[in-house]
Amino acid sequence: MKTYVKIALGVVFFLAIAGIGTGIYLFNLKPKNLSRVKADFVITAPDIEKAFEENEAAATARYVGKVIEVSGEISAVKPGENSSVSISLKTGNDMSSVICTFPPASKTEGLSAGQAVVIHGDCSGYLMDVLLNNCAVASK
Amino acid sequence: MTKNGFVGFFSHTPVEDIKADNNQVASILDTSTGDVVFQVLVKSFHFDRALMEEHFNENYMESDKLPKATFKGRITNITTVDLKKKGTYNVTVEGDLTVHGVTNKVKVDGTLEVADGALNANAKFGIVPEEYKISIPGLVREKIEKSLAVTVSMKYTPMQ
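Since we're looking at a predicted model, the values are computed, not measured.

### Re the overall build of chain A
In terms of regular secondary structure, chain A is built from 3 helices and 6 strands. Ordered by position in the sequence, the α and β elements of chain A form the string α-β-α-α-β-β-β-β-β. Computed over the C-alpha atoms, the radius of gyration of chain A is 21 Å, more than 25% above the 14 Å expected from 2.2 N^0.38 for a compact globule of 140 residues. Taking the principal axes of the C-alpha coordinates as reference, chain A spans close to 80 × 35 × 30 Å. In chain A, of all internal contacts separated by at least 6 residues, the share reaching a separation of at least 24 is 60%.

Structure, rendered in structure tokens:
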């Protein structure tokens, strides 16, 4: 066999292995733990609620799908299905809050109403409240 | 009403199991009329695999264009539920389910449990993606069940 054929075969073989490896890696990729991820936006709970209330379309374009670091005071901690936890933050609007949903097995012990907190979460949008998903308490 | 209700779906095929949870469901139940409304953000569905979540949002649900899924309907036999007496009652819900911008009439059997200071609603039903104009390529179709099993679980507390 000629040398260049061998080299070509080697390259094809290498690419195939790399391709399969990347495929398996991407397929198994878990949703990220956001506690140490650098946030795209740093904002307070009242400010982000106001942004959505005043102009939902603009706020959706700006924040949805982004990692938000939100700070505020906890108004309620509610357990959800499958051991998830939803933490609401005060916004100054009684009808609407920022709801941060933590995935199962999150470290939310010790968090209670009245506490100040900084949370990282994926912004999924606005229903009656601003919703952050896949949340984690920001680590310093 | 509740703001952290649960809707999840599950698909089982020999190739793989797919599961998605949404714990950010807003729902209001008017116990005097039986009227019930659900609203969810499609982007709130959470998958075990990041890539599945991406495909779900971008390829199938087109959640940038159609961010919300809603249900508007009525518990048709709300009068059989005694709200003063604890217990679990069988209920039937009928109404319009809008997913991916397509509205279909659905009829679902479920239960309503009268508990201390809360009403717990539970239901299970099937949903066929094609009925909501969600097109899944043939190659991938084998990996997703023809009819997805949807689970609904709400804990309603009185409005303050």
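Structure's up, so let's keep going.
### Some points on the overall build of chain B
A tally of helices and strands in chain B yields 2 helices and 9 strands. If you list the helices and strands of chain B from N to C, you get β-β-β-β-α-β-β-β-β-α-β. Here chain B has a C-alpha radius of gyration of 16 Å; the compact-globule value for 160 residues is 15 Å, and the two agree. Dimensions of chain B along its principal axes, counting C-alpha atoms only, are 50 × 30 × 25 Å. For chain B, buried positions account for 29% of its 160 residues. Relative to all contacts within chain B whose residues are 6 or more apart in sequence, the contacts with residues 24 or more apart total 54%.

### Structural notes on the interface of chain A and chain B
Facing 24 residues of chain A, the contacting portion of chain B comprises 18 residues. Its residues assigned to classes, the side of chain A that touches chain B shows 10 nonpolar, 10 polar and 4 charged.

### Looking at the confidence of the model for chain A
The share of residues in chain A with pLDDT of 70 or more is 99%, and the mean pLDDT across the chain is 88. Per-element confidence in chain A is highest for strand β1 (residues 41-44) of chain A, whose mean pLDDT is 94, and lowest for helix α1 (residues 3-28) of chain A, whose mean pLDDT is 87.

### Points about the nonpolar core
Residue and element names in this part refer to chain A. Formed by 51 residues in total, the largest nonpolar core has its most connected members in Ile48, Val70, Val98, Cys100 and Leu132. No other element matches the 5 residues that strand β6 (residues 130-137) contributes to this core. Ignoring any residue separated from it by four or fewer positions in sequence, one finds valine 98 in contact with Ala45, Ile48, Glu49, Val70, Gly72, Leu89, Thr91, Asp129, Val130 and Leu132.

### A short note on the confidence of the model for chain B
For chain B, the mean per-residue pLDDT works out to 92, and 99% of the residues sit at or above 70. At the level of chain-chain contacts, confidence expressed as ipTM amounts to 0.81, with global pTM at 0.82.

### Concerning the environment of aspartate 96 of chain B
All names here are of chain B. Relative to the helices and strands, aspartate 96 resides in strand β6 (residues 87-99). Residue aspartate 96 is classed as exposed on the basis of its 12 C-beta neighbours within 10 Å. Sequence separation between aspartate 96 and glycine 73 is 23 residues, and the spatial gap between their C-alpha atoms is 6.1 Å. For aspartate 96, the contacting residues outside a window of four places in its chain are Lys72, Gly73, Thr103 and Lys105.

### Focus: the environment of serine 75 of chain A
All names here are of chain A. By the secondary structure assignment, serine 75 is in strand β2 (residues 67-79). Considering only alpha carbons, one finds serine 75 and leucine 132, 57 residues apart in sequence, at a separation of 15 Å. Excluding residues that lie within four positions of it along the chain, serine 75 makes contacts with Ser88, Leu89, Lys90, Ser97 and Ala113.

### Notes on unusual backbone geometry
Residues and elements named next belong to chain B. In the Ramachandran plot, histidine 100 falls in the positive-phi region, its phi being about 60° despite a non-glycine side chain. Note that histidine 100 resides in the loop between β6 and β7 (102-115). The class of histidine 100 is partly exposed, set by 19 C-beta atoms lying within 10 Å. We note that lysine 133 has phi near 55°; this positive angle belongs to a residue other than glycine. As for its placement among the helices and strands, lysine 133 is situated in the loop between β8 (118-127) and α2 (138-141). Overall, lysine 133 belongs to the exposed group, with 10 C-beta atoms counted inside 10 Å.

### Some thoughts on the pairing of strand β1 (residues 2-12) of chain B
All names here are of chain B. Bridging between β1 and strand β2 (residues 17-29) involves 8 bridges; their strand directions are antiparallel. Within β2, the residue paired with valine 7 across the bridge is asparagine 22. Where β1 hands over to β2, the hairpin turn is made up of 4 residues, counted between the paired strands. Pairing of β1 with strand β9 (residues 148-156) involves 5 bridges; the strand directions are antiparallel. Bridge pairing links valine 7 to valine 152 in β9.

Basis of the calculations
- Residues numbered from 1 in each chain as written.
- Chains lettered and ligands numbered in written order.
- Predicted model: local features only at pLDDT ≥ 70, side-chain atom pairs only at ≥ 80, totals over all residues.
- Helix = DSSP H or I, 4+ residues; strand = E, 2+ residues; numbered from the N terminus.
- Rg over C-alpha atoms; globule rule 2.2 N^0.38 Å.
- Contact = placed C-beta atoms within 7 Å.
- Buried ≥ 20, exposed ≤ 12 C-beta atoms within 10 Å, placed from the backbone.
- Nonpolar A, V, L, I, M, F, W, Y, C, P; charged D, E, K, R; others polar.
- pLDDT = per-residue confidence, 0-100.
- Core = buried A, V, L, I, M, F, W, Y, C linked by C-beta atoms within 7 Å.
- Pairing = 2+ DSSP bridges.

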